[in-house]
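# Structure at a glance
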Amino acid sequence: MIGHIKETGLLYSENLIKRFAFSLMSKRFLILSGLAGSGKTQLALAFASALVKNKDKQMCVVSVGADWTNREPLLGFPNALQPEKYVKPESGVLDLLIEVNRKENADKPFFLVLDEMNMSYVERYFADFLSAMESREKISLWNSNTDSDKVIDGVPQRIDLPKNLFIIGTINVDETTYMFSPKVLDRANVIEFKISSKEMGEFLQEMREIDRDNIIGKAAGMGADFVAKACKKDLAQDSEAVEMLQKFFDELKNVNAEFGYRSATEIFRFICQAKANDDTDKKMTDEEILDAAIVQKLLPKLHGSRKKLEPVLAQLWKLCFTGAGKDLNIAKENVEKAQYKESADKIRRMYESATANGFTSFAEA
């Protein structure tokens, strides 16, 4: 998969692509956050395009509108004047859900990509999806007092979110967007897209056309295997992770940002997927895997004033180091000395944002 993505001309680090894949395999809801134009949507489209055999039926890409105040743009609504009619949304999301629920498609991956997901309040238009992800209950589309198996205009009364449906949302953070609530962040892995000076230098020196069609169907033969692995619920036994997560829990609890059983389970599922499925020559180390899990699942919910967060960020910074490194100042030049570099860098940026602005959050730092 990494080779196929590189062939398109898109530039991503191998670890970022791995984190993307392992995150989807451990949790079917993934949020990509970061700088506008950093390649969030392009990675989602490239990855999905490679795994599907029929792009028109197995993928749906939707640009979230600023006027979305309910679920209708995603799920449509029953026609109140004509009981035997159902108004499907133009977005194509409902058609995708109907297709993924066909028995013959159970082993095929389907992808829903919600671009600029925070243009509207996510809790308003996406509430049914968030609930169904965890409760495993079907989403009710219309009510009937007679036959629960009745179908109107090809739309069933209730519809499932099956395990072979993967939802990817992208977010930008500026004055036109809304922040995600802890309820949303707790149900996803959050991967931040950054562009380093080195990466920009390489891009400027080797600018080339991006061939997005080059990847379509290239890994379609792996689709069933991807779904099968994503359905596994194995949990890794990792003593280092247990010890570190307990320490993070204790510190986060001081600011009421501790994680629950669901997040802990999903972290170990991510660790298990990463250890079991990394078949590259340069595998992610145990430290890199745990580092990715911390920054994707634990830090996104952190937000608040400097007074509230400065002490806990200072303590979390120390947890990213071993030995004498725990006494290092929170500074950019010390990040590379950390045991968990991604987490240390994010904590450092949040700390500096809190100091400079009196407030910080994961998305804005």
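The following paragraphs examine the structure supplied in this document.

The rules behind these values
- Residues numbered from 1 in each chain as written.
- Predicted model: local features only at pLDDT ≥ 70, side-chain atom pairs only at ≥ 80, totals over all residues.
- Heavy atoms only, no water.
- Axes fitted to C-alpha atoms, helices over the stretch in contact; angles between N-to-C directions.
- Helix = DSSP H or I, 4+ residues; strand = E, 2+ residues; numbered from the N terminus.
- Left-handed = near helix turned anticlockwise from the far one by under 90°.
- Contact = heavy atoms within 4.5 Å.
- Nonpolar A, V, L, I, M, F, W, Y, C, P; charged D, E, K, R; others polar.
- Core = buried A, V, L, I, M, F, W, Y, C linked by side-chain atoms within 4.5 Å.
- Buried < 20%, exposed > 50% of the residue type's maximum accessible area, 1.4 Å probe, protein only.
- Salt bridge = Lys/Arg side-chain N within 4 Å of Asp/Glu carboxyl O.
- Expected span 1.5 Å × (residues − 1).
- Pairing = 2+ DSSP bridges.
- Phe/Tyr/Trp six-rings, centres within 6.5 Å; stacked < 30°, edge-to-face > 60°.
- Lys NZ or Arg CZ within 6 Å of the ring centre and 35° of its normal.
- Patch = residues over 30% accessible without salt bridge, like charges linked within 9 Å, V, L, I, M, F, W, Y side chains within 5 Å.
- Areas by Shrake-Rupley, 256 points an atom, 1.4 Å probe, with all protein chains shown as cover.

A separate point is the packing of helix α13 (residues 261–277) against helix α14 (residues 286–297). The N-to-C vectors of α13 and α14 enclose an angle of 145°; their axes lie 10 Å apart at closest approach. Crossing angle aside, the handedness with which α13 passes α14 is right-handed. Mapping the contact onto sequence places Ser-263, Glu-266, Ile-267, Phe-270, Ile-271, Ala-274 and Lys-275 in α13 and Asp-286, Ile-289, Leu-290, Ala-292, Ala-293, Gln-296 and Lys-297 in α14. The residue inventory of the contact of α13 with α14, partitioned by class, reads eight nonpolar, two polar and four charged.

Right, let's talk about the nonpolar core for a bit. Within the largest apolar cluster, 115 residues are counted, with the highest numbers of intra-cluster contacts made by Phe-20, Phe-29, Phe-111, Leu-112, Phe-126, Phe-129 and Leu-302. Once residues within four sequence positions are removed from consideration, Leu-302 is found in contact with Leu-252, Val-255, Ala-257, Leu-309, Leu-313, Leu-316, Met-350, Thr-360, Ser-361 and Phe-362.

Attention now goes to unusual backbone geometry. Phi is positive for Glu-116, which is not a glycine, with a value near 50°. Tracing the backbone shows Glu-116 in the loop between β5 (110–115) and α7 (122–125). In the Ramachandran plot, Asn-256 falls in the positive-phi region, its phi being about 55° despite a non-glycine side chain. Looking at the element boundaries, Asn-256 is found in the loop between α12 (239–253) and α13.

Our next topic: the pattern of salt bridges. Following the criterion strictly, the structure yields 22 salt bridges and no others. Residues Arg-306 and Glu-310 are paired through a salt bridge, measuring 3.3 Å at the closest nitrogen-oxygen approach. With a gap of four residues between them, Arg-306 and Glu-310 both fall in helix α15 (residues 306–319), about one helical turn apart. Within this structure, Glu-192, Lys-194, Glu-342, Asp-345, Lys-346, Arg-348, Arg-349 and Glu-352 form a network of salt bridges that share partners.

Given 3.6 residues per helical turn, the α-helix brings residues three or four places apart onto the same face. Across its 14 residues, α15 extends 19 Å between first and last C-alpha, which sits within 8% of the 20 Å expected from 1.5 Å per residue. Buried-residue contacts for α15 involve α12, β12 (303–305), α16 (341–357) and β13 (359–361).

With that settled, the discussion passes to the sheet that holds strand β1 (residues 29–34). What the five strands build is an open sheet, ordered β2-β5-β10-β1-β11; its pairing is parallel. This sheet does not close on itself; its edge strands, each paired only once, are β2 (59–63) and β11 (189–193). Strand-to-strand twist in this sheet, taken as the mean axis angle between neighbours without regard to direction, amounts to 15°. Sheet topology places β1 next to strand β10 (residues 165–171); five bridges connect them, and they run parallel. In the sheet register, Ser-33 faces β10, and the bridge partner there is Ile-171.

Attention now moves to the packing of aromatic side chains. Each aromatic ring pair is specified by the distance between its two centres and by the angle formed by the two planes. For the coordinates displayed, the defined rule picks out 10 aromatic pairs. Centre to centre, the rings of Phe-29 and Phe-126 are 5.7 Å apart; their planes meet at 45°, and the pair counts as tilted. With a gap of 97 residues between them, Phe-29 in strand β1 and Phe-126 in the loop between α7 and α8 (127–135) connect regions that are remote in the sequence. Residues Trp-317 and Phe-321 carry aromatic rings whose centres are separated by 4.8 Å and whose planes lie at 45° to one another, so their mutual orientation is tilted. Accessibility assignment for this pair places Trp-317 and Phe-321 in one class, buried. Put simply, the rings of Phe-20, Phe-47, Phe-111, Phe-166 and Phe-226 touch in pairs and so form one group of aromatic residues. Positioned over the ring face of Phe-362 is Lys-346, at 4.4 Å from the centre of the ring.

Moving on: α14. An ideal rise of 1.5 Å per residue puts 16 Å on 12 residues; α14 measures up with 17 Å between its terminal C-alpha atoms. Turning to α14, the residues buried within the fold contact α2 (14–26), α9 (182–185), β11, α12, α13 and α16.

Time to look at a nonpolar patch on the surface. There is a patch of nonpolar side chains on the surface, built from Leu-11, Leu-35, Ile-195, Met-200, Phe-203, Leu-204 and Met-207 and spanning about 670 Å² of accessible area. Position of Met-200 relative to the elements: it lies in helix α10 (residues 197–205). A residue is classified by how much of its surface remains accessible, and Met-200, at 34% relative accessible area, is partly exposed.

All quantities given are derived from atomic positions and should not be read as evidence of function.
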